[in-house]
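Understanding the architecture of this molecule
Letter by letter, the chains look like this.
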Amino acid sequence: MKKIILLIVTIFSFEVLAQTSEQYTYRAEFFFGNIKEGKTYNDVHEQQMEYLKFLEANDLNYGRALFQPIWAGEYEYDLISYGFWPDGQEQYKEWGAYMNKYPAWAAENSEYDSEPFEMERSISMRGVRARGIRIPSEEYDRFKFVDFRQCNFETMGNLEKLLDLAAKIEAKEIEMGNRAGYGEHYLLPYRGADENVTYDFVIMRHYYSAEARSNIIGSWSEYREMMNKSGYWSEFQRMASCGPMSTFKTDWLYNSAN
């Protein structure tokens, strides 16, 4: 039974290679649950989109996405609702508004009498975008692939070393010229963890389009050769060990901070 976890993200600034992308920090949350009987994915989607009106009316910075398992093994939830903020200050502003202002706003403005999604558990994590090479936004798919892997630090491993390695790998990928279209994040459990959380961090890797992922897979042999010759595979394995990968279909709904 694999469970992926909610994310809240606070981290530090690390020196990265000048030619690589920014390793920025953020906070986020995941809610695991099931679509209620008689409801559909579209019902969940439409109600979650309605929340954007509340955010804009109250000048709140928050984003949301929905994850559905594809190749995730045995999974007890229909859906994961994922939310994120640019920083901790915005997180608590939005949560405070949700607890204190949203009930009255919903009574006046919502088209829905009840939630079509029943939450079973939630968790927060903290992390950082470690690496990635973007493509133009007009090339994005609506539904995207996202992979998760649960990992543990080895004795010599820590987040700062992993981020330094990520920047070096990204610089090599830029030189290769055929690895664009993904982003990779490291996420650490923060709040809501229980006895089922047996890992130190989660790698979340998302792809902006199916075509980008296909192109990246097509360059795998070249990438593997680079990783072996540079010693980056061995360097990662000295710092962390990871379990199998789970893949989800992701619908990125909105980001009111944009």
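See above for the structure.
What counts and how
- Residues numbered from 1 in each chain as written.
- Predicted model: local features only at pLDDT ≥ 70, side-chain atom pairs only at ≥ 80, totals over all residues.
- Heavy atoms only, no water.
- Buried < 20%, exposed > 50% of the residue type's maximum accessible area, 1.4 Å probe, protein only.
- Helix = DSSP H or I, 4+ residues; strand = E, 2+ residues; numbered from the N terminus.
- Pairing = 2+ DSSP bridges.
- Axes fitted to C-alpha atoms, helices over the stretch in contact; angles between N-to-C directions.
- Parallel < 35°, antiparallel > 145°, perpendicular 65-115°, else oblique.
- Left-handed = near helix turned anticlockwise from the far one by under 90°.
- Contact = heavy atoms within 4.5 Å.
- Nonpolar A, V, L, I, M, F, W, Y, C, P; charged D, E, K, R; others polar.
- Salt bridge = Lys/Arg side-chain N within 4 Å of Asp/Glu carboxyl O.
- Disulfide = S-S within 2.5 Å.
- 1 Å grid on protein atoms, 1.4 Å probe; cavity = no way out; pocket = protein on both sides within 12 Å on 5 of 7 lines; lining within 4 Å.
- Points joined across faces, edges and corners; volume = space filled by probe spheres on them.

Below, the discussion takes up the pairing of strand β6 (residues 182-191). Two faces belong to every sheet, and in a regular strand the side chains alternate between them. Counting buried residues along β6, seven of its 10 residues qualify, which places the element largely inside the surrounding structure. In this sheet, β6 lies alongside strand β4 (residues 117-133) in antiparallel orientation, the contact comprising nine bridges. Within the sheet, the bridge partner assigned to Arg126 lies in β6 and is Leu188. As paired elements, β6 and strand β7 (residues 201-207) share six bridges and run antiparallel to each other.

Turning our eyes to something else, we now look at the packing of helix α4 (residues 159-176) against helix α7 (residues 232-239). The axes of two packed helices give the description: the angle between them and the distance between them. The interhelical angle for the contact between α4 and α7, taken along N-to-C directions, is 160°, at an axis separation of 11 Å. Of the possible angle classes, the one that applies to α4 and α7 is roughly antiparallel. The interaxial crossing formed by α4 with α7 has left-handed handedness. On the side of α4, the interface is formed by Lys161, Leu162, Leu165, Lys168, Ile169 and Lys172, while α7 contributes Tyr232, Glu235, Phe236 and Met239. Of the residues that constitute the contact of α4 with α7, the class distribution is six nonpolar, no polar and four charged.

So, on to the sheet that holds strand β2 (residues 63-71). Pairing is antiparallel in the closed barrel, where eight strands are placed in the order β1-β3-β2-β8-β5-β7-β6-β4. Across the sheet, the mean angle from the axis of one strand to that of its neighbour is 35°, orientation sign disregarded. In the packing of helix α1 (residues 41-57) onto the sheet, contacts are made with β1 (25-35), β2, β3 (79-85), β4, β5 (143-153) and β8 (240-255), and the angle to β8 comes to roughly 70°. Seen against the sheet, α4 touches β4, β5, β6 and β7 and runs at an angle of roughly 60° to β4.

With that out of the way, let us pick up the pattern of salt bridges. Scanning the model with the defined rule gives 11 salt bridges in all. One salt bridge in this structure joins Glu173 and Arg131, with 2.9 Å as the shortest N-O distance. Placement of Glu173 in helix α4 and of Arg131 in strand β4 is noted, with a sequence separation of 42 residues between them. Across the pair Arg131 and Glu184 runs a salt bridge whose closest N-O atoms are separated by 3.3 Å. One end of the pair, Arg131, is in strand β4; the other, Glu184, is in strand β6, with 53 residues separating them in the sequence. The pair Arg131 / Glu184 is uniform in exposure class, with both members buried. One network of salt bridges, in which partners are shared, links Arg131, Glu173, Arg179, Glu184 and Arg205.

The next subject is unusual backbone geometry. The phi torsion at Asp59 lies on the positive side, around 55°, for a residue other than glycine. You can see Asp59 is positioned in the loop between α1 and β2.

All right, on to the pairing of β7 then. The buried count for β7 comes to seven of seven residues, which makes it a mostly enclosed element. Burial along β7 is two-sided: the face carrying Phe201, Ile203, Arg205 and Tyr207 and the face carrying Val202, Met204 and His206 are both buried.

With that out of the way, let us pick up the state of the cysteines. Going through the model one piece at a time under the given rule, you end up with one disulfide. Paired by a disulfide, Cys151 and Cys242 hold their sulfur atoms 2.1 Å apart. Judged by the sign of its S-S torsion, about 105°, the bond between Cys151 and Cys242 is right-handed. In this pair, Cys151 sits in strand β5 while Cys242 sits in strand β8, placing the two residues 91 residues apart along the sequence.

Moving on to the layout of surface pockets. The volume enclosed by the second largest pocket comes to roughly 550 Å³. Along its surface, the second largest pocket is lined by 27 residues, and Arg131, Arg149, Glu184, Tyr223 and Trp233 are the ones closest to its centre. Among the elements of the structure, β5, α4, β6, β7, α5 (210-218), α6 (220-230), α7 and β8 are those that each provide at least two residues to the lining of the second largest pocket. Partitioned by chemical class, the residues of the lining of the second largest pocket number 18 nonpolar, two polar and seven charged.

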